[in-house]
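# Remarks on the overall topology
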Number of protein chains: 2
Amino acid sequence: MPITLYELAAANPEIRFSPYCWRTRFALAHKGLEVEGVPWHFTQPERLAFSGQAKVPVLVDGEQVVSDSWEIAKYLDAAYPDRPSLFGGEAGLAHAAFINAWADGVLNPGISRLIVADILPALRPEDHGYFRQSRERNFGMPLADVIAGRETRVEAWRQTLAPIRLTLRRQPWLGGDAPDYADYIVLGSLQWPRCISRFPLLEADDPVAEYLARGLALFGGLGANAPTVAAA
Amino acid sequence: MPITLYELAAANPEIRFSPYCWRTRFALAHKGLEVEGVPWHFTQPERLAFSGQAKVPVLVDGEQVVSDSWEIAKYLDAAYPDRPSLFGGEAGLAHAAFINAWADGVLNPGISRLIVADILPALRPEDHGYFRQSRERNFGMPLADVIAGRETRVEAWRQTLAPIRLTLRRQPWLGGDAPDYADYIVLGSLQWPRCISRFPLLEADDPVAEYLARGLALFGGLGANAPTVAAA
């Protein structure tokens with residue numbers, strides 16, 4: 001029985017855009033595990049009730065139900081130890097926790113402030129109210145105001161990627177000579193705006209853009225071939 | 001023959017304040033290696049000529065001469081594989097490179113903008129000219145202007161520590177259950193202003209302050225007992 005993954009979907013259910021769900025998608029591909037993705041929408045908490053919480057990704061592997069992308073990654077390494085490791089051992093896991101924290105606390109909030117208003121029109125009409133209200137409450141302002149000035153602010157955001165650029169001077173992947181979960185964290189974050197927004201975040205000559213292109217080509221173009229609002 | 005470490009020193013040569021030298025100090029203690037610290041001052045490049053470059057830390061271990069804190073840490077793990085590992089293997093090393101990049105690209109520049117002017121009066125008079133000119137060229141303004149408004153700006157700097165706080169919610173050390181080089185990177189950065197400035201960076205109830213206190217207590221209080229400008 002293949003693994004089932006509940007993933008955040010746009011009105012076009014083929015568009016899966018959550019950075020956290022992408023972490024899991026890449027992780028499953030790294031482990032060489034088959035997966036059936038199930039589209040899920042923001043206002044369907046009852047469909048996740050079986051997991052004891054209300055957010056995706058939720059992974060169902062036979063009797064096992066695991067939510068939270070970080071917990072899912074740890075589960076996959078523990079449950080499938082004979083397949084390629086996501087973390088490379090205890091220190092690899094511990095240090096990846098910092099990269100995960102940086103993505104959650106710096107990278108994702110920064111991207112959100114540039115593209116959050118683009119998400120709304122891509123959602124099903126019945127999800128608009130929830131999305132607008134929850135995000136406007138978080139930001140304390142209308143979504144249009146959140147992204148205002150992004151054409152100039154994006155330059156400051158690009159500077160927040162300095163730790164990625166500095167790392168890539170030493171090694172081709174955050175995982176070292178080959179990609180691992182550290183990369184899937186960051187690639188998941190960068191895949192999110194690529195799927196759900198047309199706003200260009202990276203300049204063509206940015207080493208991070210070259211890195212993203214390599215990441216999207218992994219696993220037969222898993223990321224590159226994903227449906228997006230620009231090419232759905 | 002003990003290892004020799006050339007370390008950046010203040011006018012009081014017992015005050016060793018470089019964040020990069022502190023990374024190495026902690027790393028040597030982690031490996032359980034004896035070290036003789038040799039004070040070095042900013043305007044003494046000729047004393048490092050034997051290393052082929054002009055910056056500290058420089059480590060001399062018998063015939064081996066290694067400069068650059070990152071290279072030194074890798075050298076120590078390779079040369080002393082039977083002692084406690086600094087990186088915990090290949091993935092641990094690869095992921096620590098990101099933490100190192102974050103400290104070099106975000107944490108240290110942020111600290112510098114709050115305390116750089118405090119360094120000058122702690123240096124030997126003959127080092128003042130070099131320090132002021134090189135730093136004012138980097139910042140493009142007088143040192144006093146760099147730190148202006150720090151009493152209010154420090155709050156924004158504290159927010160840049162979010163990745164540390166988020167990681168510490170999962171685990172007691174960046175290295176996981178026990179400290180490793182990932183911690184020495186960050187602890188070295190936080191030890192730097194503690195040694196050379198009286199400006200308070202962390203609030204007492206900040207989880208990072210609690211973490212720093214634990215880090216300073218390691219190895220018999222190696223960090224806590226170090227001479228500082230406040231208690232020299």
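It should be noted that the structure appears before, not after, this text.
Every value quoted in this text rests on a predicted model; they were computed, and no experiment measured them. (Residues numbered from 1 in each chain as written. Chains lettered and ligands numbered in written order. Predicted model: local features only at pLDDT ≥ 70, side-chain atom pairs only at ≥ 80, totals over all residues. Heavy atoms only, no water.)

### A short note on the side chain of R25 of chain A
All names here are of chain A. Threshold: Helix and strand assignments follow DSSP, with helices taken as H or I runs no shorter than four residues and strands as E runs no shorter than two, numbered in order from the N terminus. Remark: exposure states derive from per-residue accessible area (1.4 Å probe, protein chains only) relative to the maximum for the residue type, with buried under 20%, exposed over 50%, and partly exposed in between. The contact definition used throughout considers only heavy atoms, calling two residues in contact when any of these lie within 4.5 Å.
Its location among the elements puts R25 in helix α1 (residues 19-31). By relative accessible area, R25 is classed as buried at 18%. With near-sequence residues (within four places) excluded, R25 lies in contact with L5, E7, R16, V35, G37 and L222.

### Details of the relation of the copies chain B and chain A
Counted only if it meets this: For the least-squares superposition of copies, only C-alpha atoms count, and only for residues with pLDDT at least 70 in both.
When chain B is fitted onto chain A, the two copies agree to an RMSD of 0.0 Å after a turn of 180 degrees and an axial shift of 0.0 Å. The superposition of one copy onto the other is thereby described by a two-fold rotation axis. Judged by C-alpha distance, G92 of chain B is the residue of chain B that lies nearest the rotation axis, at 2.0 Å.

### Concerning the environment of V58 of chain B
All names here are of chain B. Its place among the elements puts V58 in strand β3 (residues 58-61). Between the alpha carbons of V58 and S69 there is a distance of 8.0 Å; along the sequence they are 11 residues apart. Not counting the four nearest positions on each side in its chain, V58 is found in contact with T4, L5, Y6, L48, F50, S51, Q53, V65, V66 and S67.

### Section: the environment of H30 of chain B
All names here are of chain B. When you line up the elements, H30 lands in helix α1 (residues 19-31). Note on H30: relative accessible area 13%, which makes it buried. Through-space distance from the C-alpha of H30 to that of S85 is 8.1 Å; in sequence the pair is 55 residues apart. The residues contacting H30, other than those within four sequence positions of it, are P84, S85, L86, P179, D180, Y184 and F219.

### Here's the deal with the sheet that holds strand β4 (residues 64-67) of chain B
Residues and elements named next belong to chain B. To be explicit about the condition: Here, any two strands with at least 2 DSSP bridges between them count as paired. Angles run from 0 to 180 degrees between N-to-C directions of axes, and those axes are lines fitted to C-alpha atoms, restricted for helices to the stretch in contact.
Pairing within the open sheet is mixed, and its four strands lie in the order β2-β1-β3-β4. The sheet is open, and its two edges are formed by β2 (35-40) and β4, each paired on a single side. Direction aside, the axes of adjacent strands within the sheet are offset by 20 degrees on average. Here β3 runs beside β4; their pairing, made up of four bridges, is antiparallel. Opposite V60, over in β4, you have V65 as the bridge partner. Contacting β1 (3-8), β2 and β3, α1 runs over the sheet at an angle of about 155 degrees to β1. Of the strands in this sheet, β3 and β4 are in contact with helix α2 (residues 69-79), which crosses β4 at around 140 degrees.

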